[in-house]
Amino acid sequence: MKHCLRLSLFVGSILFTVSCSNSSKSPSIINPEFNYVEYKPASTDVVISRTQYLDQLEGFWLGQCIANWT
């Protein structure tokens, strides 16, 4: 029974890793149903790209999942 549980966790983690790596190749970050309003950042605003933000958010989420599992 323990071997079956370990095997399923191992296979699940492999599938999770593969699915995360495939989704980062071409993420859809533009919602056609959303009304994007023009915004000009102030000189004190920190500006990052949507792709960079998505990458950092996924890294944060993955780190939280790993920390919770351990």
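Relevant structure appears above.
So, a few notes on the structure that sits alongside this text. (Residues numbered from 1 in each chain as written. Predicted model: local features only at pLDDT ≥ 70, side-chain atom pairs only at ≥ 80, totals over all residues. Heavy atoms only, no water.)

Helix and strand content of the chain: two helices and zero strands. For the chain, the accessible area works out to roughly 6700 Å², and carbon and sulfur atoms hold 64% of it. (Helix = DSSP H or I, 4+ residues; strand = E, 2+ residues; numbered from the N terminus. Areas by Shrake-Rupley, 256 points an atom, 1.4 Å probe, with all protein chains shown as cover.)

Tallied over the entire structure, the rule returns one aromatic pair. Seen in terms of ring centroids, Phe34 and Tyr36 are 4.8 Å apart; in terms of plane orientation they differ by 75°. Their pairing is edge-to-face. The class for Tyr36 is partly exposed, based on a relative accessible area of 35%. (Phe/Tyr/Trp six-rings, centres within 6.5 Å; stacked < 30°, edge-to-face > 60°. Buried < 20%, exposed > 50% of the residue type's maximum accessible area, 1.4 Å probe, protein only.)

Taken together, the side chains of Val46, Ile48, Tyr53, Leu57, Phe60, Trp61, Leu62, Ile66 and Trp69 make up a nonpolar region of the molecular surface, amounting to roughly 990 Å² of accessible area. Along the polypeptide, Tyr53 turns up in helix H2 (residues 50–69). (Patch = residues over 30% accessible without salt bridge, like charges linked within 9 Å, V, L, I, M, F, W, Y side chains within 5 Å. Salt bridge = Lys/Arg side-chain N within 4 Å of Asp/Glu carboxyl O.)

This next bit is on the environment of Arg50. Examined against the element boundaries, Arg50 turns out to sit in helix H2. Put simply, Arg50 and Ile29 are 21 residues apart on the chain and 7.3 Å apart in space, counted from C-alpha to C-alpha. Excluding residues within four positions of it along the chain, Arg50 makes contact with Ile29 and Tyr36. (Contact = heavy atoms within 4.5 Å.)

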